[in-house]
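Coordinates in review
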Amino acid sequence: MLLAPLLLGLPVFFFLPSKALCRQSSYVWESIVVLAMVVLGGIGHIPGVILGAVLLTVLSEILRGISQPLQPFLFGHVVLDVEIIRQLIYGLVLILIMLYRPGGIWQKRGGER
């Protein structure tokens, strides 16, 4: 039963790294973003995950709009790239949510399935 996925995955494993369009770092970052959305919204609760996705997407766009003009105003030049700031904020949000709301923002109620 496990042999079929293994046989299908091996060619992809050897073929994709040679392609310039498939960079591992972009897949790793996208995986972290999806994980952040799930943890923020609520693991195992679909409406919570949708809420987490919307919140992180809106936060990212607000950050992009604020960070570009604010850094030159405060420091005279751009100190950190917007992507680095976004990664730092995602990490901080993940840590705070896991510490203070382990079930996510919109947690599953006890009787829900």
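These notes cover the structure that comes with them. Quick caveat: nothing in here was measured; it's all calculated off a predicted structure. Chains are numbered independently. Their residues run from 1 in the order of the written sequence. Given that this is a predicted model, residues contribute local features only at a pLDDT of at least 70 and side-chain atom pairs are listed and counted only at 80 or more, while totals for whole chains, interfaces and linings are drawn from all residues. As a convention, hydrogens and water are excluded, and side-chain values are obtained from all of the structure's heavy atoms.

**Observations concerning the overall build of the protein**
How we decide: Each helix corresponds to a stretch of at least 4 residues labelled H or I by DSSP, and each strand to a stretch of at least 2 residues labelled E; elements are numbered beginning at the N terminus. By definition, residues are in contact when any of their heavy atoms lie within 4.5 Å. Using a 1.4 Å probe, the Shrake-Rupley method yields the accessible areas, and only the shown protein chains count as cover for residues.
Counting its secondary structure elements, the protein contains four helices and zero strands. N-terminal to C-terminal, the α/β element order of the protein is α-α-α-α. The long-range fraction of contacts in the protein, counting pairs at least 24 apart against all pairs at least 6 apart in sequence, stands at 53%. Taken as a whole, the protein presents about 8,500 Å² of accessible surface, with 74% of it coming from carbon and sulfur.

**Let's talk about the nonpolar core**
One broad rule of soluble globular proteins: the nonpolar side chains tend to lie buried together. Short version of the rule: As used in this record, nonpolar core signifies buried Ala, Val, Leu, Ile, Met, Phe, Trp, Tyr and Cys residues forming a set joined through side-chain atoms within 4.5 Å. For each residue, the accessible area found with a 1.4 Å probe, counting protein chains only, is set against the maximum for its type, and the residue is called buried under 20%, exposed over 50%, and partly exposed in between.
In this structure, Trp29, Val33, Ala36, Met37, Val39, Leu40, Leu56, Tyr90, Leu94 and Ile97 together form the largest nonpolar core, which totals 10 residues. Every element with two or more residues in this core is listed here: α2 (24–41) and α4 (82–100). Per element, the largest residue contribution to this core is six residues, and it comes from α2. If near-sequence neighbours (up to four positions away) are discounted, Met37 is found in contact with Val49, Gly52, Ala53, Leu56 and Thr57.

**Section: the side chain of Arg86**
Note the cut-off: Definition of a polar contact: a pair of N or O atoms within 3.5 Å, with one able to donate and the other able to accept a hydrogen when the atoms are protein atoms, and with sequence-neighbouring residues admitted only if both atoms are side-chain atoms.
Here Arg86 lies in helix α4. What makes Arg86 buried here is its relative accessible area of 14%. Polar side-chain contacts of Arg86 include one of 3.0 Å to the side chain of Glu83. Those residues within four positions of Arg86 in sequence are excluded, and the remaining contacts are Trp29, Ser60 and Leu63.

**Observations regarding the pattern of salt bridges**
So the rule is basically this: What makes a salt bridge here is a side-chain nitrogen of Lys or Arg within 4 Å of a carboxyl oxygen of Asp or Glu, nothing more.
Taken as a whole and assessed by the stated rule, the structure comprises two salt bridges. Taking the shortest distance from any N to any O, the salt bridge between Glu61 and Arg64 comes out at 3.3 Å. Here Arg64 and Glu61 lie together in helix α3 (residues 46–75), a separation of three residues that amounts to about one turn. Measuring nitrogen to oxygen at the nearest pair gives 3.0 Å for the salt bridge that ties Arg86 to Glu83. Within this pair, Arg86 and its partner Glu83 are both found in helix α4, separated by three residues, close to a single helical turn. Assessed through its relative accessible area of 30%, Glu83 is described here as partly exposed.

**Remarks on the environment of Pro72**
Here Pro72 shows up in helix α3. With residues near it in sequence (within four places) discarded, Pro72 still touches Ser67, His77 and Val78.

The quantities given are spatial measurements derived from coordinates; they are silent on function.
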